[in-house]
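Chains, contacts and geometry: an overview
One-letter residues, chain by chain:
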Amino acid sequence: MRMPRAHRYVLAAVTSAVCLVSAAPASAAGASCPKADELPGRMTVSEVKLATLCLINAERRAHGLAALRQNRRLTLAGRRHARDMVRTRYFAHDSRSGREFDDRILRTGYARGGRALLGENLAYGTGRYSTPRRIMRGWMESPGHRANILRREFREIGIAVVRGTPQTGPNGATYATEFGRRW
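Residues numbered from 1 in each chain as written. Predicted model: local features only at pLDDT ≥ 70, side-chain atom pairs only at ≥ 80, totals over all residues. Heavy atoms only, no water.

A word on the packing of helix α1 (residues 45–62) against helix α4 (residues 132–140)
Running from amino to carboxyl end, α1 crosses α4 at an angle of 40°, the nearest separation of the two axes being 9 Å. You can see that α1 and α4 cross each other, and the crossing is right-handed. Contact residues: α1 offers V48, A51, T52, L55, I56 and E59, while α4 offers P132, R133, M136, W139 and M140. Taken together, the residues that form the contact of α1 with α4 break down as eight nonpolar, one polar and two charged. (Axes fitted to C-alpha atoms, helices over the stretch in contact; angles between N-to-C directions. Helix = DSSP H or I, 4+ residues; strand = E, 2+ residues; numbered from the N terminus. Left-handed = near helix turned anticlockwise from the far one by under 90°. Contact = heavy atoms within 4.5 Å. Nonpolar A, V, L, I, M, F, W, Y, C, P; charged D, E, K, R; others polar.)

Shown next as structure tokens:
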């Protein structure tokens, strides 16, 4: 069921891989997140996702915010989109068919006919720039991505990590994080 546009609230942040290259020191938040500095190719996808969630929630705690809970519908929306971007070699919030990110999330049944506040952060990297900590650092240095991570209203998150990137094929990793709150 498609919600009328007036009842949907949407946030988005866009970045390119270039924005993710950073030599800035790591934030103290997330210093104790296991495997945050490991290359995704040396971990299971579940380990990459858990390290990313740990880093996001550490930043939120450092700013006095509640931790985000994982949501399987948000994860599904992110996984489908990340796979599509890698498979068909594009990098954008809108799919190649023109479907906007909020429509992709709502089609999973996330809002269940109610209202939802939604956001999305995308990123990809290769080599040392593909670790969860490097991806997180890039998001925190980008005002739009940082705003999604630190938005007080968000309560849930879906994290998807797919091996490969839209530009380099099988090397690296592509991340899609879907943020949400339903009421």
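A word on the pattern of salt bridges
If you walk through the whole model with that rule in mind, you get six salt bridges. The closest approach of N and O atoms between D84 and R87, which form a salt bridge, is 3.1 Å. With D84 and R87 both in helix α2 (residues 72–88) and three residues apart, the pair spans about one turn of that helix. R87 sits in the exposed class, given a relative accessible area of 60%. Between E156 and R182 there is a salt bridge, with its nearest N and O atoms 3.0 Å apart. Of this pair, E156 sits in strand β4 (residues 156–165) while R182 is found in strand β5 (residues 169–182), placing the two residues 26 residues apart along the sequence. (Salt bridge = Lys/Arg side-chain N within 4 Å of Asp/Glu carboxyl O. Buried < 20%, exposed > 50% of the residue type's maximum accessible area, 1.4 Å probe, protein only.)

As for the state of the cysteines
Scanning the entire structure with this criterion turns up one disulfide. Covalent S-S linkage joins C33 and C54, the inter-sulfur distance amounting to 2.1 Å. What sets the handedness of the C33 and C54 disulfide is the S-S torsion sign, and at about -85° it is left-handed. Linking C33 in the loop between β1 (8–10) and α1 with C54 in helix α1, this pair joins segments that are 21 residues apart in sequence. Note on C33: relative accessible area 6%, which makes it buried. (Disulfide = S-S within 2.5 Å.)

Describing the environment of D37
The topology assignment puts D37 in the loop between β1 and α1. Linking D37 and R134, residues 97 residues apart in sequence, is a C-alpha distance of 7.7 Å. A polar contact of 2.7 Å, which involves the side chain of D37, links it to the side chain of R133. (Polar contact = N/O pair within 3.5 Å; in protein donor to acceptor, adjacent residues only side chain to side chain.)

Description of the packing of aromatic side chains
Within the structure shown, the criterion is met by three aromatic pairs. Ring centres of F91 and Y124 lie 4.9 Å apart, and the angle between their planes is 80°; on these two criteria the pair is classed as edge-to-face. One end of the pair, F91, is in the loop between α2 and α3 (101–106); the other, Y124, is in strand β3 (residues 116–125), and 33 residues separate them in sequence. Of the residues examined, Y124 reaches a relative accessible area of 10% and is grouped as buried. Measuring from centroid to centroid gives 6.3 Å for W139 and Y175, while their planes differ by 90°, and the two rings are edge-to-face. Here W139 is found in helix α4, whereas its partner Y175 is found in strand β5, with 36 residues between them in sequence. Classification of W139 by relative accessible area gives buried; the value is 0%. (Phe/Tyr/Trp six-rings, centres within 6.5 Å; stacked < 30°, edge-to-face > 60°.)

These figures come from the coordinates and say nothing about function on their own.
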